[in-house]
Amino acid sequence: MIVAITCAVLAAASNAWGTVLQRRAATATPEARSPLALVRNLLRNPVWLGGILGVIGSALFQALALDFGTLAAVQPVFILELPLALVFGSLVFRVQVSRKAWWCVAAIFAGLAISLFSAAPSGGRAQVPGVWWVPTFATTGAVGATLVLVGLRRPHGLARAACLAAAAAVGNALTAALVKSAMNVMSRHGATAFFLAWQTYGFALVGSLSIILLGYAMQGGPLIASQPALTLGDAVVSFCLGVTLYAESPRSGMWLLPAVFGVALLSYGVVTLSRTRCLAKCVDRDTEQDAHPAERRTATAM
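A quick note: this is a predicted structure, and the numbers were derived from the prediction, not measured. (Residues numbered from 1 in each chain as written. Predicted model: local features only at pLDDT ≥ 70, side-chain atom pairs only at ≥ 80, totals over all residues. Heavy atoms only, no water.)

Undergrad: I'd like to hear about the nonpolar core, residue by residue, with values.
TA: Counting 51 residues, the largest nonpolar core has Leu86, Ile108, Trp133 and Leu273 as the members making the most contacts within it. What Leu273 contacts, discounting residues up to four positions off in sequence, is Leu82, Pro83, Leu86, Ala101, Cys104, Val105, Ile108 and Leu279. Counting eleven residues, the second-largest nonpolar core is a separate cluster that includes Val148, Leu164, Ala165 and Leu213. (Core = buried A, V, L, I, M, F, W, Y, C linked by side-chain atoms within 4.5 Å. Buried < 20%, exposed > 50% of the residue type's maximum accessible area, 1.4 Å probe, protein only. Contact = heavy atoms within 4.5 Å.)

Written out as structure tokens, the structure is:
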């Protein structure tokens, strides 16, 4: 499990670094008249290519983490991507991080450590029987579709962004479950079986849909609504899929109290950090364009 957690932390760090580099490249790239021209300009930017490598590295580390560890323990670790993006972004963009934001970072790390140590999901099956995927797809599909429909019917704002981000979180959790299954196929039968397995194309499809939904969520409202829904939603749904789909067993009894405390501390850190201006300036590429010029000169963090 130590190897799995280590790989998960590296995956979160790699994706956070890739996100920051991509935003850095996007802000330094002149506006293009067409999407094709924009892609061509970005491909010429080594910073953007570095960001792509960070995203690819994150996917590889995530696959290794899911292969070595349980879904319920590994996937919540990706919450660390949020504070790590703040740390990396503050260095790249020279953003002043407030004391409140640093306290949120500490709360996220501490809350995650306490909750994972208390729950300590273990055991479970290495591979999911095919019949179990049917109710899983039906349930997650229904929940995701409902969130999308509700979100698209809402005007631009908090509710729209939160619903669409929550739908993306459901997709991310299902993607992780499929990645774990596909990695088990590769471990047992080799690379050829991996590329022939339906789970491989399943996680590629679901993951792509999640990325599209996340894009709509970012356009649909502020970061303070989309980021907590995405981050916490992914962790919660992944934990549920680990327990139900992969039959992983968290600790119960006296361990429930510190686990609940850890989740509460973690949630407070995520929600509060998502409201800080410094995080928005590190990960939201539209922040500086939307802000008033005088605001950009004087604003630091909440």
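What follows continues from the structure just given.
Undergrad: Tell me what's going on with the layout of surface pockets, and back it up with residues and numbers.
TA: The method is simple in principle: a probe with the dimensions of a water molecule rolls over the atoms, and the space it marks as empty is what remains. Put simply, the second largest pocket is a space of about 380 Å³. Considering the residues around the second largest pocket, the lining is formed by 20 residues, among which Ser115, Ala119, Phe239, Ala259 and Val263 are closest to the centre. Secondary structure elements with two or more residues in the lining of the second largest pocket: α6 (99-119), α11 (223-244) and α12 (256-274). Residue contributions to the lining of the second largest pocket peak at six residues, all from α12. Among the residues forming the lining of the second largest pocket, the class breakdown is 17 nonpolar, two polar and one charged. (1 Å grid on protein atoms, 1.4 Å probe; cavity = no way out; pocket = protein on both sides within 12 Å on 5 of 7 lines; lining within 4 Å. Points joined across faces, edges and corners; volume = space filled by probe spheres on them. Helix = DSSP H or I, 4+ residues; strand = E, 2+ residues; numbered from the N terminus. Nonpolar A, V, L, I, M, F, W, Y, C, P; charged D, E, K, R; others polar.)

Undergrad: Lay out the side chain of Ser238 with the relevant residues and their values.
TA: Position of Ser238 among the secondary structure elements: in helix α11. For Ser238, a relative accessible area of 0% corresponds to the buried category. Looking at Ser238, its side chain comes within polar contact range of the main-chain oxygen of Asp234, at 2.7 Å. Sequence-distant contacts of Ser238, that is, excluding residues within four places in its chain, are made with Leu71, Ala72, Gln75 and Ala173. (Polar contact = N/O pair within 3.5 Å; in protein donor to acceptor, adjacent residues only side chain to side chain.)

Undergrad: Please set out the packing of helix α5 (residues 81-92) against α6 residue by residue, giving values where relevant.
TA: Where α5 meets α6, the closest approach of the two axes is 9 Å, and the angle between their N-to-C directions is 145 degrees. Considering how the two elements wind past one another, α5 and α6 form a crossing that is left-handed. Facing α5, whose interface residues are Leu82, Pro83, Leu84, Leu86 and Val87, α6 presents Ala101, Trp102, Val105, Ile108 and Phe109. Tallied by class, residues from the contact of α5 with α6 come to ten nonpolar, no polar and no charged. (Axes fitted to C-alpha atoms, helices over the stretch in contact; angles between N-to-C directions. Left-handed = near helix turned anticlockwise from the far one by under 90°.)

Undergrad: Can you tell me about a nonpolar patch on the surface, naming the residues and giving the values?
TA: A cluster of nonpolar side chains, contributed by Val3, Leu10, Phe61, Leu64 and Phe68, occupies part of the molecular surface with about 430 Å² of accessible area. Only α1 (2-28) and α3 (46-68) provide two or more residues apiece to the nonpolar patch. Counting residues per element, the nonpolar patch draws most heavily on α3, which supplies three residues. Relative to the elements of secondary structure, Phe61 occurs in helix α3. Residue classification places Phe61 among the partly exposed residues on the basis of a relative accessible area of 30%. (Patch = residues over 30% accessible without salt bridge, like charges linked within 9 Å, V, L, I, M, F, W, Y side chains within 5 Å. Areas by Shrake-Rupley, 256 points an atom, 1.4 Å probe, with all protein chains shown as cover. Salt bridge = Lys/Arg side-chain N within 4 Å of Asp/Glu carboxyl O.)

Undergrad: Quick one: what's the story with unusual backbone geometry, residue by residue and with numbers?
TA: The backbone of Ala120 shows a phi angle near 40 degrees, a positive value even though the residue is not glycine. Among the structural elements, Ala120 can be located in the loop between α6 and α7 (130-153). Phi angles above zero are rare outside glycine, and Ala247 is one such case at about 55 degrees.

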